[in-house]
Amino acid sequence: MRSGGVTLITELPIIERVIQMHSADLGADLMAYRNHTYRVVNFCLALFPAEFMQLEKLSTAAAFHDLGIWTHHTFDYLKPSVGLACAHLIGTGQDEWSAEITEMILQHHKLFPYRRHPQWLVEPLRRADLVDVSAGLVTFGLPRELIREIYATWPTEGFHKRLVQLELARLRRYPWNPLPMVRL
């Protein structure tokens, strides 16, 4: 599918496999999380030239980046998500990607740009996730029409509402540490 000169990715085998493997954990949030991962991948591809992207790494990190919320029942989910991703990489013989994908997951809520390994996909994923989590309020220059098209292709299915619910529950339980995933 093409939107404003950008080819939208509508199916990625790694995302489909991970979602299927964790469907019981995701439960009623399955479509919300699946669509979030596709929005993140497509925002990332729109923000950075396709030849720069290493789509399989990006889709692997996207598939696992928030999954620990559901598999480990916690809003302090970065390390559980990394554990799931690394186990997958070892199981598929791609463990040489572990350092980069670990960093992609750990830094995807970093408040400031990631600069340590500029050749890695950490900053592209961070920006793409922020576009989605902000529901398009932060655009990094993406055209509003493209953002609307991506949301039309992969509706939120309650994803943002679920995030607010989880944040409020975390705030009540841990008022001194309501957003443990945020990094400077």
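Note: the structure precedes this text.
It should be emphasised that the depicted structure is a prediction, and the values quoted were computed from it without experimental measurement. (Residues numbered from 1 in each chain as written. Predicted model: local features only at pLDDT ≥ 70, side-chain atom pairs only at ≥ 80, totals over all residues. Heavy atoms only, no water.)

**Student:** Describe unusual backbone geometry, listing the residues and the values that go with them.
**Tutor:** Positive phi values are uncommon outside glycine, yet His 73 reaches one of about 50 degrees. Note on placement: His 73 falls in the loop between helix 5 (68–71) and helix 6 (78–91). A relative accessible area of 66% means that His 73 is categorised as exposed. Of note in the backbone geometry, Phe 140 takes a positive phi value of approximately 50 degrees without being a glycine. Position of Phe 140 relative to the elements: it lies in the loop between helix 8 (122–133) and helix 9 (144–153). (Helix = DSSP H or I, 4+ residues; strand = E, 2+ residues; numbered from the N terminus. Buried < 20%, exposed > 50% of the residue type's maximum accessible area, 1.4 Å probe, protein only.)

**Student:** Before we move on, could you go through the packing of aromatic side chains and cite the residues and values that matter?
**Tutor:** Applying the stated criterion across every chain yields a total of five aromatic pairs. Taken together, a centroid distance of 6.0 Å and an interplanar angle of 50 degrees make the contact between Phe 43 and Tyr 151 tilted. Residue Phe 43 is found in helix 3 (residues 30–47), and its partner Tyr 151 is found in helix 9; the two are separated by 108 residues along the sequence. Take Phe 43 and Tyr 151: they sit in the same class, and that class is buried. (Phe/Tyr/Trp six-rings, centres within 6.5 Å; stacked < 30°, edge-to-face > 60°.)

**Student:** Describe in detail the state of the cysteines, supporting the description with residues and values.
**Tutor:** The full count for this structure, using the stated rule, is zero disulfides. In this structure Cys 44 is a free cysteine whose sulfur lies 19 Å from that of Cys 86, the closest cysteine sulfur available. (Disulfide = S-S within 2.5 Å.)

**Student:** Talk me through helix 7 (residues 98–106); I want residue IDs and the actual numbers.
**Tutor:** Along helix 7, seven of the nine residues are buried, which leaves the element largely enclosed by surrounding structure. Within the sequence span of helix 7, burial applies to Ser 98, Glu 100, Ile 101, Thr 102, Glu 103, Met 104 and Ile 105. Contacts made by the buried residues of helix 7 are with helix 4 (55–64), helix 6 and helix 8. (Contact = heavy atoms within 4.5 Å.)

**Student:** Help me get a handle on the nonpolar core, residues and values and all.
**Tutor:** In terms of nonpolar packing, the biggest core is built from 55 residues, with Ile 15, Phe 43, Leu 58, Phe 64, Ile 101 and Met 104 touching the most fellow members. Sorting elements by how many residues they give to this core places helix 3 first, with nine residues. Setting aside anything within four residues of it in sequence, one finds Met 104 in contact with Lys 57, Leu 58, Ala 61, Leu 121, Val 122 and Leu 125. (Core = buried A, V, L, I, M, F, W, Y, C linked by side-chain atoms within 4.5 Å.)

Any link to function would need more than the numbers given here.
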